[in-house]
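Listed below, chain by chain, are the residues.
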Amino acid sequence: MKALMYGWEFPPHILGGLGTASYGLIKGMSLQPDMDITFVMPKPFGDEDQSFLQIIGACNTPIVWKDLDHSYVSSRLSKYTDPQKYFQLRNHIFADFSFKHVNDLGCIEFSGRYPNNLLEEINNYSITAGVIARAEDHDIIHAHDWLTYPAGIHSKMISGKPLVVHVHATDYDRSRGNVNPDVYHIEKNGMDFADHIITVSNLTRLTVIEKYHQDPSKVTTVHNAVEPLSKEILSLPDKRGVGEKMVTFLGRITMQKGPEYFVEAAAKVLAKTKNVRFIMAGSGDMMNKMIRLAATRNISDRFHFTGFMKGKQVYEIFKASDVYVMPSVSEPFGISPLEAMQCGVPSIISKQSGCAEILDYAIKVDFWDIEALADAIYGLITYPMFHSFIKEEGLKEVNNIKWEYAGRKVRRIYEQVNTNVK
């Protein structure tokens, strides 16, 4: 089976969990001998691992298209969609298009990031997707997260192949309910046009059904997983147990991730013991606010900000940590606790996270319960037997959460969707 996938980022150049999840799922699916995956992204950097997939850059695709008439659409697409809807969508896509980003080779330029003109790049990406969908042979279209939904829809309209959208997060998660209407419209439109919707947790599935008004039979949960550790990572020195304990928060410092609850819990722990340091690794729009909050709580000498970390740096900090904390307010899944547990770091996660659905040996607290969070941290750094139990059982558990298994579930969805549209 040939899948045409649309994504936005891919390791080693990642800015969040989307690239990590896309990589893991594709690598897991590639273990199926008859699975052929073409992954499209706005701007590859050239050093991506393509040993198990083909990567196409939208930035390297000349935007050449022909004017399709109603007879062509009706003959090719009427089985899958209303031709009139196609023309309405197509006119909408090209209405906002600007040739100022087209280079001399006829290709649209992309930043490869999340720029200020993100909506414009999303629209331009969808235009390029139409060209790619005509050129690439495929059986199914798979669009990862809201940024790629318009590309997936346009491809479906062009090729007539079924569309699966993969919801890694919704704007309800990112905004604490203060939803951006433009983003919501893109998300809902993608879900409405999709033949099937994959969500990364039952928590997200419920949001899709209730907030985006989708038929429950159309929505399936496929939990994320984690990549096995490489020899390079396994060989990193273990710096734990040398002097003071270290408790780590690693992620975007934004309101979705609940960084203020980590700072407040740190203050309560430090009121009981000084033999601990707290690390906030990451960057985001709340970073300065968290620096000020740590100063206000008079814990700056025990609280450190590292800035954004990726790749090997992430595992180096795990190898120096005694406890990992993810106090997210709304986390569709959350791969980082699994990565920490792989490194033998006991993890504390919010009950409002998707990974809480599959982890029995992580400590779970409500994100807002600072007292419970502080007690869990204090218990893990104070009682060695408790720490060892959570560490050892968590490691066993996470080693059985594999992308290969998630890939098999996605393949079954592909087969089901292809059967239903025939």
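Since the model is a prediction, treat every value here as computed from it, not as a measurement.

## So, the pairing of strand β11 (residues 323-326)
Turning to step 1, where the next piece is worked out: Across the two faces of β11 the burial is the same, with Val323 and Val325 and Tyr324 and Met326 all buried.
Turning to step 2, where the next piece is worked out: Looking at chain direction, strand β8 (residues 245-250) and β11 are connected through two bridges and run parallel. Following the sheet pairing, Val247 is matched in β11 by Val323.
Turning to step 3, where the next piece is worked out: The sheet contact formed by β11 and strand β12 (residues 347-350) spans three bridges and is parallel. Across the sheet, residue Tyr324 finds its bridge partner in β12, namely Ser347.
Turning to step 4, where the next piece is worked out: Traced from β11 through helix α13 (residues 336-342) to β12, the parallel crossover comes out right-handed.

## Considering the pattern of salt bridges
Turning to step 1, where the next piece is worked out: With the rule as written, the count across this model stands at 18 salt bridges.
Turning to step 2, where the next piece is worked out: The partner of Glu331 in a salt bridge is Lys257, and the shortest N-O contact between them spans 2.8 Å. Placement of Glu331 in the loop between β11 and α13 and of Lys257 in the loop between β8 and α10 (259-270) is noted, with a sequence separation of 74 residues between them. The same class applies to Glu331 and to Lys257, which are both buried.
Turning to step 3, where the next piece is worked out: Lys268 serves as the salt-bridge partner of Glu371, at 3.2 Å between the closest nitrogen and oxygen. On the criterion of sequence distance, the pair formed by Glu371 in helix α14 (residues 370-382) and Lys268 in helix α10 is long-range, its members being 103 residues apart.
Turning to step 4, where the next piece is worked out: Given a relative accessible area of 45%, Glu371 falls into the partly exposed group.
Turning to step 5, where the next piece is worked out: One continuous salt-bridge network, built from bridges that share partners, spans Asp34, Arg411 and Glu415.

## Topic: the sheet that holds β11
Turning to step 1, where the next piece is worked out: An order of β10-β9-β8-β11-β12-β13 is seen for the six strands of this open sheet, with the pairing classed as parallel. The open sheet has two free edges, formed respectively by β10 (303-307) and β13 (363-365), since each of these has just one partner strand. Shown here is a sheet whose adjacent strand axes are inclined to one another by a mean of 20°, direction ignored.
Turning to step 2, where the next piece is worked out: Pairing between β8 and strand β9 (residues 276-281): six bridges, direction parallel. Paired with Val247 across the bridge in β9 is Phe278.
Turning to step 3, where the next piece is worked out: Its contacts with the sheet put helix α11 (residues 287-296) on β9 and β10, and the angle it makes with β10 is roughly 165°.

## Some words on the confidence of the model for the chain
Turning to step 1, where the next piece is worked out: Of all residues in the chain, 90% attain a pLDDT of 70 or more, and the chain-wide mean is 91.
Turning to step 2, where the next piece is worked out: In this model residues 65-69 is a low-confidence stretch, pLDDT under 50, and it forms 15 contacts with partners more than four residues away in sequence or in other chains.

## Considering the environment of Gly17
Turning to step 1, where the next piece is worked out: Relative to the helices and strands, Gly17 is located in helix α1 (residues 17-29).
Turning to step 2, where the next piece is worked out: Note: C-alpha distance between Gly17 and Trp403 (386 residues apart in sequence) is 15 Å.

## Some thoughts on unusual backbone geometry
Turning to step 1, where the next piece is worked out: The residue after Pro11, namely Pro12, is reached through a cis peptide bond having omega 10°.
Turning to step 2, where the next piece is worked out: Locating Pro12 in the fold gives a position in the loop between β1 (2-6) and α1.
Turning to step 3, where the next piece is worked out: Even without being glycine, His213 reaches a positive phi, approximately 55°.
Turning to step 4, where the next piece is worked out: Relative to the elements of secondary structure, His213 occurs in the loop between α8 (202-211) and β7 (219-221).
Turning to step 5, where the next piece is worked out: The phi torsion at Asn298 lies on the positive side, around 60°, for a residue other than glycine.

## A few points about α11
Turning to step 1, where the next piece is worked out: Every buried residue of α11 is listed here: Met290, Leu293 and Ala294. End-on view of α11: buried residues confined to an arc of 100°, all on one side of the axis. Across from the buried face of α11, at angles greater than 90 degrees, the exposed residues are Asn288, Arg292 and Thr296.
Turning to step 2, where the next piece is worked out: In the core, the buried residues of α11 are packed alongside α10, β9 and β10.
Turning to step 3, where the next piece is worked out: Following α11 by one or two positions, Asn298 adopts a phi angle in the positive range, close to 60°.

The rules behind each value
- Residues numbered from 1 in each chain as written.
- Predicted model: local features only at pLDDT ≥ 70, side-chain atom pairs only at ≥ 80, totals over all residues.
- Heavy atoms only, no water.
- Buried < 20%, exposed > 50% of the residue type's maximum accessible area, 1.4 Å probe, protein only.
- Helix = DSSP H or I, 4+ residues; strand = E, 2+ residues; numbered from the N terminus.
- Pairing = 2+ DSSP bridges.
- Right-handed = clockwise from strand over helix to strand, strands pointing away.
- Salt bridge = Lys/Arg side-chain N within 4 Å of Asp/Glu carboxyl O.
- Axes fitted to C-alpha atoms, helices over the stretch in contact; angles between N-to-C directions.
- Contact = heavy atoms within 4.5 Å.
- pLDDT = per-residue confidence, 0-100.
- Arc of directions from axis to C-beta.

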